[in-house]
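# Fold and geometry: a report
Listed here are the chains, written in short residue letters.
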Amino acid sequence: MTQQDHRSGRLIKAPENFIDSEGVRTVFREGKAGRRDFVRGAFAAAVAGAAAPAVLAQGNPVPAAGGDPHILELPAHTKGLGQAVATDGYGKPSQYESNVQRRPSPGLTQTAQSSVSFAPLQSLFGIVTPSGLHFERHHQGWWDVDPSKHRLMLNGSDDSLMKKPLVFTVDEIMRLPSVSRFHFIECGANTGMEWGNVAVPTCQYTHGMLSCSEFTGVPLKILLDMAGADYKRGRFVLAEGADGSSMTRTIPMELVESGEVLVAYGQNGEMLRPENGYPLRLVVPGVQGVSWVKYLRRIEVGDKPYATKDEAVHYIDLMPDGLHRQYSNTQEIKSVITTPSGGQVLLDKGYYQISGLAWSGRGKVKRVDVSVDGGRNWKTARLQGPVMDKCLTRFSLDWAWDGKPTLMQSRAMDETGHVQPNYKQLRAVRGSRSIYHNNAIQSWLVQESGEVKNVQLS
Ligand SMILES: Nc1nc2c(c(=O)[nH]1)N[C@H]1C(S)=C(S)[C@@H](COP(=O)(O)O)O[C@H]1N2
Ligand SMILES: [Mo]
């Protein structure tokens, strides 16, 4: 990198699009050597091959001498006629932001239908995920379901558990009293590739199975009341989706009774996106994403947990003693620094705003501490309000880089007193061969070159 580049901006963005489709195919051909190595190797190769010009194109060049033409010369847009209103009936982001995309992880899954795309957390501000960048997790592909033909059925596992089984149309649900609430959704497998060791380079891939929206819908409790549910015996509900994945999950009735569980149709002010369950999805605040059943078509009230495939065989946690833990619903306190983060490059010393996200499935985030010396000393970060229940919370801290290698971490605490563990603490309880519910403290190493790297401290 030349001196000129150093003057041109303070941070080079992470090269999010550094794997092309041929690269993905190569990875598939070569990879059978064990999943974690395979993914790690794919990324290492891709990072090494990232072309410098593509990275530099993200810079913001300022000429060294002769005046800045971007000030001295009037650009066309100051002299000509701009485009007409409603040129695009549904607006899109600027062409200059086309690199900000949700992306699949090369080599992670065998098909693109039973797969996941990760949200570009490193490129987002505040707490809301734009709907088009929301992460996706499909077990059998997504559908654009015709709302006029979609139905939601409520029944009991036996007749006495539901006095008046009902079938709703989407219109009927949208007539009922609604609420709008901001909540995060995190796949239980988020950060799952990192259980054993560092696997992926950027926070898009370490933490991007995480998004946050304002959801609008009807509390499920209202629908169950209408159908005459027996809350005394009926301590569980089964939620079922209308796609081919037979996604069914048991939800404890306490969560429904609290009024928090929603049958949602709205996401960030408009209808849900098809990828996120249009026209109806369950919103289960604080609970892992798999329970947020999309294309929701049926709710059954029962007197015991259902032990469906996605809770008895999948979405279980291998513990150090060799047994599996089931029904670990809650997404525990967690945080990640999104800037500076893996794959980004700091271009000079001096001031940076450290910024990141914190969240807890147990309630509000109470405090976030940030360390720039690998966890020896901690400073309390600013929380950007409003701090909401079971919602992403943005934190920030002022920092001046002295040009030396810096190990950066964030550690969050929630209002119930739960504190985010480091890897040593987490592995002591959970071992290192699990997939789900990795809420360990993330470490980023700012190297002397300014390049930020994903690292784990043992
Ligand atoms: N019907 C249905 N619902 C589903 C799934 C699915 O494959 N089918 N995937 C689940 C999983 S594992 C997660 S993490 C979330 C992801 O929601 P999103 O795709 O809107 O991000 O949806 C859940 N609900
Ligand atoms: Mo998930």
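Residues numbered from 1 in each chain as written. Chains lettered and ligands numbered in written order. Predicted model: local features only at pLDDT ≥ 70, side-chain atom pairs only at ≥ 80, totals over all residues.

With that settled, the discussion passes to the overall build of the protein chain. Scanning the protein chain for helices and strands turns up 11 helices and 26 strands. Considering the protein chain as a whole, with its 458 residues, one finds that 40% of them fall into the buried category. Sequence-distant contacts in the protein chain: of pairs separated by 6 or more residues, those separated by 24 or more amount to 73%. (Helix = DSSP H or I, 4+ residues; strand = E, 2+ residues; numbered from the N terminus. Buried ≥ 20, exposed ≤ 12 C-beta atoms within 10 Å, placed from the backbone. Contact = placed C-beta atoms within 7 Å.)

As summarised here, the arrangement of the five strands in space is β21-β20-β24-β25-β26, forming an open sheet in which the pairing is antiparallel. Of all strands in the sheet, those bounded by a partner on one side alone are β21 (379–380) and β26 (452–455). (Pairing = 2+ DSSP bridges.)

With that settled, the discussion passes to the sheet that holds strand β3 (residues 115–118). Spatial ordering of the open sheet is given by β2-β3-β4, a layout of three strands whose pairing is antiparallel. The sheet is open, and its two borders are formed by β2 (103–104) and β4 (136–138), each paired with just one other strand. As paired elements, β3 and β4 share three bridges and run antiparallel to each other. Its bridge partner lying in β4, S117 is registered against E136.

Looking now at the site of ligand 1. Surveying the vicinity of ligand 1 reveals 21 residues, the closest of which are H139, C187, G241, N276 and G289. Among the elements that line the shell around ligand 1, the one with the most residues is β4, at three residues. Among the residues forming the shell around ligand 1, the class breakdown is eight nonpolar, eight polar and five charged. (Near = placed C-beta within 6 Å. Nonpolar A, V, L, I, M, F, W, Y, C, P; charged D, E, K, R; others polar.)

With 84 residues, the main nonpolar core has V263 and L282 as its most contacted residues. Residues from two domains meet in this core; each of domain 1 (151–325) and domain 2 (334–455) gives at least three. In contact with V263, other than residues within four places in its own chain, are L152, I173, G217, V218, L220, L223, L280, L282 and L296. (Core = buried A, V, L, I, M, F, W, Y, C linked by C-beta atoms within 7 Å. Domains from an automatic or database assignment.)

Moving on: the pairing of strand β17 (residues 334–339). Within β17, six of the six residues are buried, leaving the element largely enclosed by the surrounding structure. Where β17 and strand β19 (residues 350–359) come together, five bridges link them in antiparallel fashion. Looking at the pairing, S335 lines up with A358 of β19.

Let us now look at the environment of L224. Summarising the element assignment, L224 is placed in helix α8 (residues 220–226). Note on L224: 23 C-beta atoms within 10 Å, which makes it buried. The spacing of L224 and L154 is 70 residues in sequence and 7.6 Å in space, taken between C-alpha atoms. Beyond its immediate sequence surroundings of up to four residues, L224 is in contact with L154, A229, V256 and V301.

Counting through the fold element by element, T109 comes out in the loop between β2 and β3. Assessed through the 13 C-beta atoms surrounding it within 10 Å, T109 is described here as partly exposed. For T109, the residues in contact, after removing those within four places along its chain, are S114 and S115.

Bringing unusual backbone geometry into the picture now. Omega for the bond connecting Y278 with P279 falls within 30 degrees of zero, at 5 degrees, which places this linkage in the cis form. In this fold, P279 is placed in the loop between β12 (270–271) and β13 (281–283). Here the residue pair T339 and P340 is connected by a cis peptide bond, since its omega of -10 degrees sits within 30 degrees of zero. With respect to the helices and strands, the residue P340 is situated in the loop between β17 and β18 (345–346). With a phi angle near 60 degrees, Y315 is a residue other than glycine that sits in the positive phi range. By the secondary structure assignment, Y315 is in the loop between α10 (309–312) and β15 (317–318). Y315 gets classed as buried once you count the C-beta atoms within 10 Å, which come to 24.

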